[in-house]
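In case you want the letters, here they are:
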Amino acid sequence: MRTASRFLIVIIFLGVVLGGIFGYKFYQFGQMKEQMSQPQPPAQISATQAQTESWTPAIKAVGSVEAVNGIEVANEVPGVIEAINFESGDTVKQGNVLVRLNAEIDEAALRTRRAEAQLAEQEFKRIADLLPKRAVSQSQYDEAKANFDAARARVNEAEAQLSKKVIRAPFDGTLGIRMVDQGEYIATGTPIVEINMLDPIYVDYTLSEKNLPNVKPGYPVIATVAAVPERNFEGTVSAINTSVNPETRTVRVRATLANPKYLLRPGMFATILTRQPEDNEVVTVPRTAISYNTYGDFVFVVEKNDGGDLVVNRRTVTTGETRNTRVAVLSGLEAGETVVSKGLLRLRAGQKVAIQDENQKQEASE
C-alpha cells in the first residue's frame with residue numbers, strides 16, 4: 001500500500017512539472033505568433049531619380065600603345081667600340097652621333113683610294129690634253145676616263161664604309177637602356193640602344209566589323225592606361241585598315257595621341273573610346289541602382305500602392321554604356337522615375353520602404 005502511494009505522488013509531481021513546461025512553451029508560441037502578425041516596419045532605403053543626359057556615342061575597345069617610330073639601333077659593320085656619346089634615357093635629335101667604332105683600317109683604305117683617284121685624274125687630264133693633238137688614240141682616252149671614274153667610285157665606296165663606323169640617331173626620339181660597353185667588339189646587327197619617338201604616339205586597337213560604319217578618320221578618341229588611371233589622353237583616328245581579318249572578323253584601327261610629357265610608352269595596354277560627332281539623349285542611373293543578374297539586369301522602382309504607401313517593384317531593364325558612376329538604361333525605365341540607389345539585396349517586390357533623404361521623399365511623392 002505504501003509503495004502504491006509513493007508511485008502516485010511521483011506521477012502527480014511529473015504531471016505538474018511537464019504541464020508547467022508545456023504551458024510556458026504554449027505561451028511563448030502565442031507571443032511569437034502575435035509578433036509575426038504585426039506589420040513589418042518599412043525598409044530604410046536611399047533613392048534617386050533616373051535622369052536624361054546628353055552622351056556622345058562611343059565604341060569601347062582595348063589596344064596597345066605604339067611608337068610613331070621605334071627601333072633598336074644596330075651596327076651595319078663589325079668593329080670595336082671606340083666612343084659612346086650618349087647615356088641611357090637621353091633625348092636625341094636626328095643625326096646625333098651615338099657610337100663611334102674604331103676606323104683606323106677604313107681611314108687608311110680611304111687615303112689609298114684617294115691617292116689612286118688623284119693619280120687616275122692626272123693621267124686622264126694628260127691624255128685629254130693630248131687627244132686634240134692626235135698624240136693619243138680615242139681608245140687610250142676612253143680607258144683613262146674609265147680608270148678615273150672607277151677610282152672615284154672606289155673613293156665613294158671607302159667613304160661610305162668609313163661612315164658606317166659612326167652610328168647616328170635615325171630620328172628625333174628618346175633613348176632606352178644602353179646595351180653595349182666601351183671597347184666591346186660588336187658583330188654586325190648587334191643591338192646598341194632602343195630609340196622611340198614618343199610625341200605624338202600611336203594607339204592601335206581592333207573593332208568588330210559591325211562597328212566599321214561608325215568609325216572614320218578624324219573621329220575623336222579618348223584613351224586610358226593603368227599607369228595613369230586618372231588621366232584621359234585625347235587624340236583622333238588617323239587610319240583604318242583596308243581589310244577585315246577573316247578569322248576574327250575585326251578591323252585594325254590606329255589613333256594618334258598627343259604625349260608631351262611622355263606618360264604613354266610603347267607596349268602599354270590601353271582602353272580606348274572612339275566617339276562619334278553627334279550627341280544622344282539617354283536615361284541614366286547610378287551604377288549602384290542596377291542589379292546585374294544572369295537572367296537579366298533589373299532595378300527596384302519606388303512607387304505608391306493603393307493605400308498611399310511607398311513600395312518597391314522589381315523591373316527588368318536593358319543597360320548600355322557605363323561612364324564614371326552612371327549607367328545608360330536603353331529600355332525599361334523612363335526619366336523622372338525614382339529608383340533605389342543602395343541596399344538592393346535586402347529588398348523584395350511589393351515591400352514597403354521609407355526613403356531616408358528628405359529631398360528624395362519629395363521626388364518620390366511627386
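Residues numbered from 1 in each chain as written. Predicted model: local features only at pLDDT ≥ 70, side-chain atom pairs only at ≥ 80, totals over all residues. Heavy atoms only, no water.

Peer 1: Please clarify how the pairing of strand β18 (residues 298–304) should be interpreted in this entry.
Peer 2: Each regular strand shows side chains that alternate between the opposite faces of the sheet. In terms of residue burial, β18 counts as a mostly covered element, since five of its seven residues are buried. Sheet analysis places β18 next to strand β19 (residues 310–316), joined by seven bridges and oriented antiparallel. The partner of Phe 298 across the bridge, within β19, is Thr 316. Counted along the chain from β18 to the antiparallel partner β19, the turn is five residues long, and its residue Gly 308 has a positive phi close to 85°. (Buried < 20%, exposed > 50% of the residue type's maximum accessible area, 1.4 Å probe, protein only. Helix = DSSP H or I, 4+ residues; strand = E, 2+ residues; numbered from the N terminus. Pairing = 2+ DSSP bridges.)

Peer 1: What is the right way to look at the sheet that holds strand β11 (residues 191–196) in this model?
Peer 2: Across a sheet, paired strands are connected by hydrogen bonds in the backbone, their directions being either parallel or antiparallel. Within the open sheet, the four strands sit side by side as β4-β11-β9-β6. Their pairing is antiparallel. If you trace the sheet from one side to the other, it starts and ends with β4 (70–74) and β6 (91–92), each paired once. The pairing of β6 with strand β9 (residues 173–175) spans two bridges and is antiparallel. Counterpart to Val 92 in the pairing with β9 is Gly 173.

Peer 1: Whenever I open this one, the nonpolar core confuses me. Can you help?
Peer 2: In summary, soluble globular proteins display a tendency toward joint burial of nonpolar side chains. Ranked by size, the top nonpolar core spans 24 residues in total, and within it Tyr 205, Leu 207, Leu 257 and Leu 264 carry the most contacts. Those elements that provide at least two residues to this core are β3 (58–67), β12 (201–208), β13 (220–225), β14 (228–240), β15 (250–257) and β16 (269–275). In this structure Leu 207 touches Ile 59, Ala 61, Val 215, Arg 249, Thr 250, Val 251 and Val 253, once residues within four positions along its chain are discounted. Counting 19 residues, the second-largest nonpolar core is a separate cluster that includes Val 77, Leu 175, Val 180 and Met 197. (Core = buried A, V, L, I, M, F, W, Y, C linked by side-chain atoms within 4.5 Å. Contact = heavy atoms within 4.5 Å.)

Peer 1: Honestly, the packing of helix α2 (residues 104–130) against helix α3 (residues 138–163) in this entry has me stumped. Any pointers?
Peer 2: The packing of two helices is summarised by the inter-axis angle and the distance between the axes. Here α2 crosses α3 at 160°, and the two axes come no closer than 8 Å. With respect to each other, α2 and α3 are oriented roughly antiparallel. Every pair of crossing elements has a handedness; the one defined by α2 and α3 is left-handed. (Axes fitted to C-alpha atoms, helices over the stretch in contact; angles between N-to-C directions. Parallel < 35°, antiparallel > 145°, perpendicular 65-115°, else oblique. Left-handed = near helix turned anticlockwise from the far one by under 90°.)

Peer 1: Please explain the sheet that holds β14 as it appears in this structure.
Peer 2: Taken together, six strands build a closed barrel; the order of strands is β3-β12-β15-β14-β13-β16 and the barrel is antiparallel. Neighbouring strand axes in the sheet, compared pairwise and without regard to direction, differ in orientation by 40° on average. Strand direction decides the pairing type here: β13 and β16, joined by five bridges, are antiparallel. Within β16, the position partnered with Ala 223 by the bridge is Ile 272.

Peer 1: What should I look at first to understand the packing of aromatic side chains in this one?
Peer 2: Following the criterion strictly, the structure yields three aromatic pairs and no others. Between the aromatic rings of Phe 124 and Tyr 141, the centroid separation amounts to 5.4 Å while the plane-to-plane angle is 40°, which identifies the pairing as tilted. With Phe 124 in helix α2 and Tyr 141 in helix α3, this pair connects stretches of sequence that are 17 residues apart. You'll find Phe 124 and Tyr 141 in the same group, each marked buried. Ring geometry for Phe 124 against Phe 148: centres 5.8 Å apart, planes inclined by 15°, an arrangement best described as stacked. Of this pair, Phe 124 sits in helix α2 while Phe 148 sits in helix α3; the two residues are 24 residues apart in sequence, bridging distant segments of the chain. For the pair shown, Phe 124 and Phe 148 are each scored as buried. Through successive ring pairs, a cluster of aromatic residues spans Phe 124, Tyr 141 and Phe 148. (Phe/Tyr/Trp six-rings, centres within 6.5 Å; stacked < 30°, edge-to-face > 60°.)

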